[in-house]
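# Structure assessment
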Amino acid sequence: MKARVVLYFGSFNPVHRGHIALAEYVIADGFADSVVMIVSPQNPHKEQSDLAAEFSRYEMCQAACAASLYPEKIQVSAVEFTLPRPSYTIDTLNFLAENFGDKMEFSILMGADNIENFHRWKNHEQIIDNYPILVYPRSGYSLSRSHYADRVVFLENAPLFDYSATDVRTAIAQGGNISEMVIPEVESYIKQNKIYG
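Structural notes, computed from the coordinates. (Residues numbered from 1 in each chain as written. Predicted model: local features only at pLDDT ≥ 70, side-chain atom pairs only at ≥ 80, totals over all residues. Heavy atoms only, no water.)

### Some words on the nonpolar core
- Of all hydrophobic cores here, the largest spans 41 residues; its most connected members are Val-15 and Met-37.
- Counting only elements with at least two residues in this core, the list comes to β1 (3–10), α1 (17–28), β2 (34–39), α2 (54–66), β3 (74–77), β5 (133–136), α6 (165–173) and α7 (184–192).
- Here the element with the most residues in this core is α1; it accounts for six residues.
- Not counting residues up to four positions away in its chain, the partners in contact with Val-15 are Ile-20, Met-37, Met-60, Cys-61, Ala-64, Val-182 and Val-186.
- In terms of nonpolar packing, the next biggest core, distinct from the first, is built from 25 residues, Phe-106, Trp-121, Ile-128 and Ile-133 among them. (Core = buried A, V, L, I, M, F, W, Y, C linked by side-chain atoms within 4.5 Å. Buried < 20%, exposed > 50% of the residue type's maximum accessible area, 1.4 Å probe, protein only. Helix = DSSP H or I, 4+ residues; strand = E, 2+ residues; numbered from the N terminus. Contact = heavy atoms within 4.5 Å.)

Written out as structure tokens, the structure is:
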């Protein structure tokens, strides 16, 4: 039987408590055997001038995964660092299916903000035809506005956080307290490496 792997794509700029809580929820509620957080070098749909170096974001994710409730089941991957850019999800999925598809079956975890714009993704029909998509709620976004609302699994009981990675970066720039948004290891990493501030 193939291992059920949920792929959680993101900039994770930086990874925060909400990201990890969602990965833990997916494991705890039996949606997957493992979650792999795939750090994207650059989201082709976002312009981000304050994007931290990719290996910094990878290392912060590594620390956050290790401190999670399921460190053996929540991992981070730098696979997109090695693939052609820009990083399109379909290209990563094709690479993973080709190399690991005999042992693993993949599904995708994404926020309601992403599914609302999913029709703009490269080869989106190929993705939704071949990979189950788990959608978690995001404040201000409604699944009903998506063309694909009836073709995804909506995780209505998933934890909802009222902050984002943007809020973390803003707080750092303003000299604010980020301890409620990121774990101590990530906060230390940010301070030691003078990221975002």
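### Some points on the packing of α2 against α7
- Where α2 contacts α7, the two axes come as close as 8 Å, and the packing angle between them is 155°. As summarised for this structure, α2 and α7 are arranged roughly antiparallel, according to the angle between their axes. Classified by chirality, the crossing of α7 by α2 is right-handed. Counted together, Phe-55, Ser-56, Glu-59, Met-60, Ala-63 and Ala-64 of α2 and Glu-185, Val-186, Tyr-189 and Ile-190 of α7 form the full contact between these two elements.
- Tallied by class, the residues present in the contact of α2 with α7 amount to seven nonpolar, one polar and two charged. (Axes fitted to C-alpha atoms, helices over the stretch in contact; angles between N-to-C directions. Parallel < 35°, antiparallel > 145°, perpendicular 65-115°, else oblique. Left-handed = near helix turned anticlockwise from the far one by under 90°. Nonpolar A, V, L, I, M, F, W, Y, C, P; charged D, E, K, R; others polar.)

### Focus: the sheet that holds strand β6 (residues 153–154)
- Strand order in the open sheet made by the six strands is β3-β2-β1-β4-β5-β6, with parallel pairing throughout. Sheet topology places β3 and β6 at the edges, where each strand pairs with a single neighbour.
- Note: β1 against strand β4 (residues 104–111), six bridges, orientation parallel. Note that in β4 the partner of Leu-7 across the bridge is Ile-108.
- In the packing of α2 onto the sheet, contacts are made with β2 and β3, and the angle to β3 comes to roughly 170°. (Pairing = 2+ DSSP bridges.)

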